[in-house]
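Observations on the three-dimensional arrangement
Listed below, chain by chain, are the residues.
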Amino acid sequence: EGTDTFSVERIIRKLPPADHEWRIRDDCVVLYNGKPFVPFGFFSVPTNEYREVAAAGHTALQWYCAQYKRTRESLFEALDEVNDAGLKMMFYPYPNDRYWLASYKRIYEPMTAKEQDALAVRVSSIKDHPAILGYYLFDEPSCHTVLPARARRCYEICREEDPYHPCIVLCQNPSAMFTFREACDIHMPDPYPGFMYRGLAARDMRVVRTYIETAVKAGRGRQAVWFTPQAFHWRRPN
């Protein structure tokens, strides 16, 4: 009736080519410099084993401790070893551990201007290293009461400062994939069956399929889906 009832705006960036470019194809396959990339690797691999896992056919690593490399130089020194082994690395993009991880009590509050600026500076300063696969934003965020709006703002800042690398979130339950889907380009859930030492699994193995199917639904055909298999065991309780 001549009255606007709703409007929305979205920024679309047309980017020039980059030396190290990651993007998600229309069929949700992740491409590195135009070629499909399959992440196959481990979390927290010791530095002296990089070449060994690369020789075994692994392509990617995840690192929990990049935020302790406070300077660009110290972080790049660590990433150089990853690159020399022919691997790619995903890691926390945060400038320190105080403001960003589960141990910080304000992780369930919106980001402050200071936090936003610090994250933007950090990502802008490190984005050009060739070993970077993507930014591992949150590990099981619903377990740590991460405010979804905070997670989304972290994602937006990373995308604004570095649109060539994807952001990754690992969720530990199906509902969290919907809660935090606005904070990632790639879902990487951990559907652990709960393998026990000298025993069976605590959950039905079909949990793996359920989590992957849920991640696909949460992604709405716009986000890639990887997953974190359980490659270790828990001890049977006494």
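About the cut-offs
Residues numbered from 1 in each chain as written. Predicted model: local features only at pLDDT ≥ 70, side-chain atom pairs only at ≥ 80, totals over all residues. Heavy atoms only, no water. Pairing = 2+ DSSP bridges. Helix = DSSP H or I, 4+ residues; strand = E, 2+ residues; numbered from the N terminus. Contact = heavy atoms within 4.5 Å. Axes fitted to C-alpha atoms, helices over the stretch in contact; angles between N-to-C directions. Buried < 20%, exposed > 50% of the residue type's maximum accessible area, 1.4 Å probe, protein only. Right-handed = clockwise from strand over helix to strand, strands pointing away. Parallel < 35°, antiparallel > 145°, perpendicular 65-115°, else oblique. Left-handed = near helix turned anticlockwise from the far one by under 90°. Nonpolar A, V, L, I, M, F, W, Y, C, P; charged D, E, K, R; others polar. Phe/Tyr/Trp six-rings, centres within 6.5 Å; stacked < 30°, edge-to-face > 60°.

Examining the sheet that holds strand β5 (residues 60-63)
Taken in spatial order, the seven strands make up an open sheet running β4-β5-β6-β7-β8-β9-β10, and their pairing is parallel. The sheet is open, and its two borders are formed by β4 (41-43) and β10 (224-225), each paired with just one other strand. Across the sheet, helix α2 (residues 72-84) touches β5, β6 (88-91) and β7 (132-139), and the angle it forms with β6 is around 140 degrees.

A look at unusual backbone geometry
Look at C28: it is not a glycine, yet its phi comes out positive at around 70 degrees. Within the fold, C28 resides in the loop between β1 (22-24) and β2 (30-32). Residues other than glycine seldom take positive phi values, yet R198 does so here, at roughly 55 degrees. By secondary structure assignment, the location of R198 is in the loop between β9 (186-187) and α6 (206-219). Here R198 falls in the exposed class, since its relative accessible area comes to 74%.

Quick word on the pairing of β6
Neither face of β6 is left uncovered, since the one carrying K88 and M90 and the one carrying M89 and F91 both have all their residues buried. Here β5 pairs with β6 via four bridges, running parallel. Following the sheet pairing, W63 is matched in β6 by F91. In this region the chain leaves β5, passes through α2 and returns to the parallel neighbour β6; the handedness of that crossover is right-handed. As judged from the three bridges shared by β6 and β7, these two strands associate in the parallel manner. Bridging from a neighbouring strand, M89 pairs with I132 of β7.

A look at the sheet that holds strand β3 (residues 35-36)
Consider a sheet: its strands pair through backbone hydrogen bonds, and that pairing is either parallel or antiparallel. Across the sheet, which stays open at both edges, the three strands sit in the order β1-β2-β3 with antiparallel pairing between neighbours. At either end of the open sheet lies a strand with only one pairing partner, and these are β1 and β3.

Observations regarding the packing of α2 against helix α3 (residues 113-126)
Orientation of α2 relative to α3, taken along the N-to-C sense of each, is 45 degrees, at an axis distance of 10 Å. The pairing of α2 with α3 is recorded here as oblique in orientation. The handedness of the crossing between α2 and α3 is right-handed. Contact residues: R72, L75 and F76 in α2; R122, S125 and I126 in α3. For the contact of α2 with α3, the per-class residue count stands at three nonpolar, one polar and two charged.

Observations concerning the packing of aromatic side chains
Counted according to the given criterion, the structure contains 13 aromatic pairs. Each ring, one from Y92 and one from Y94, has its centre 6.1 Å from the other, and the planes form 25 degrees; the classification is stacked. Each member of the pair, Y92 together with Y94, is buried. Relative to F232, the ring of Y192 lies with its centre 5.3 Å away and its plane at 90 degrees, an arrangement referred to as edge-to-face. Here F232 lies in the segment after β10 and Y192 lies in the loop between β9 and α6, a separation of 40 residues in the sequence. With a relative accessible area of 18%, Y192 lands in the buried category. According to the relative accessible area criterion, F232 is partly exposed, its value standing at 37%. Here the aromatic cluster, defined as three or more aromatic residues joined through ring pairs, consists of F43, Y64, Y92, Y94, Y136 and F138.

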